[in-house]
Amino acid sequence: MIIAVDFDGTIVEHRYPSIGKEIPFAIYTLKKLQAEHNILILWTAREGRLLQEAIDFCRARGLEFHAVNSNQPDDMQDDSFRASRKIKADLYIDDRNLGGLPDWGVIYDMVMHRWTYDEYLRATSHSLAPASRPGFWSRLFGKKGQ
């Protein structure tokens, strides 16, 4: 899989423009995902010197990305990929996700099993909601009085 990973708030605590402390197990998990033949792209709003600081931070911890703020080189056969800041990936890991950033152990399980968050909860029996309670979308769009 191609996985695009944000930096601030995802790999490190959000202290932009400084670099915050590493979020526990972020680098370890990303290196493990990479060792299992996933392609990692650093996908961040950082540019210039601040971007280089982020790359150097990861590199010092043994994490090298296949690409940075761009599509992987193998996909850049024509100029249409170069013109867009939109990164082509199978999965995006970002603290600005709806619901926030799960624990890195949860992220690893979800990636390796290709689970949604609901599937993860069912598979690990960690559901916080009672089994009889309808799901979020059902509650949101369901009939009144349910």
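First, a word on scope: everything that follows refers to the structure included in this document. (Residues numbered from 1 in each chain as written. Predicted model: local features only at pLDDT ≥ 70, side-chain atom pairs only at ≥ 80, totals over all residues. Heavy atoms only, no water.)

A word on the packing of aromatic side chains
- Under the definition given, this model contains 4 aromatic pairs.
- On the numbers, 5.9 Å between centres and 80° between planes, the contact of Phe7 with Phe57 is edge-to-face. Of this pair, Phe7 sits in the loop between strand 1 (2-5) and helix 1 (26-35) while Phe57 sits in helix 2 (residues 48-60), and the two are 50 residues apart along the sequence.
- Given the relative accessible area of 0%, Phe7 is considered buried.
- Their ring planes at 20° and their centres at 6.1 Å tell us that Tyr117 and Tyr120 sit as a pair that is stacked. Of the two residues, Tyr117 and Tyr120 are both situated in helix 4 (residues 117-124); the distance of 3 residues between them amounts to about one turn of the helix.
- Each member of the aromatic cluster is reached from another via a ring pair, and the members are Trp115, Tyr117 and Tyr120.
- Taking the ring centre of Phe57 as reference, the NZ or CZ of Arg61 above it sits at 3.6 Å. (Phe/Tyr/Trp six-rings, centres within 6.5 Å; stacked < 30°, edge-to-face > 60°. Helix = DSSP H or I, 4+ residues; strand = E, 2+ residues; numbered from the N terminus. Buried < 20%, exposed > 50% of the residue type's maximum accessible area, 1.4 Å probe, protein only. Lys NZ or Arg CZ within 6 Å of the ring centre and 35° of its normal.)

Topic: the sheet that holds strand 4 (residues 91-93)
- The 4 strands lie next to each other as 3-2-1-4, forming an open sheet whose pairing is parallel. Two strands in the sheet have a free side with no partner beyond their single neighbour: strand 3 (67-68) and strand 4.
- Pairing between strand 2 (residues 39-42) and strand 3: 2 bridges, direction parallel. Within strand 3, the position partnered with Ile41 by the bridge is Ala67. (Pairing = 2+ DSSP bridges.)

A closer look at the pairing of strand 2
- As paired elements, strand 1 and strand 2 share 4 bridges and run parallel to each other. Within strand 2, the position partnered with Val5 by the bridge is Leu42.
- For the crossover that starts at strand 1, traverses helix 1 and ends in the parallel strand 2, the hand is right-handed.
- The parallel pair strand 2 and strand 3, bridged by helix 2, forms a crossover whose chirality is right-handed. (Right-handed = clockwise from strand over helix to strand, strands pointing away.)

Notes on the side chain of Arg46
- Structurally, Arg46 can be placed in the loop between strand 2 and helix 2.
- By relative accessible area, which is 1% here, Arg46 ends up buried.
- Within the local environment of Arg46, its side chain forms a polar contact with the backbone oxygen of Ser18, the two atoms lying 2.9 Å apart.
- If near-sequence neighbours (up to four positions away) are discounted, Arg46 is found in contact with Phe7, Asp8, Tyr16, Pro17, Ser18, Ile19, Leu51, Glu53, Ala54 and Asn69. (Polar contact = N/O pair within 3.5 Å; in protein donor to acceptor, adjacent residues only side chain to side chain. Contact = heavy atoms within 4.5 Å.)

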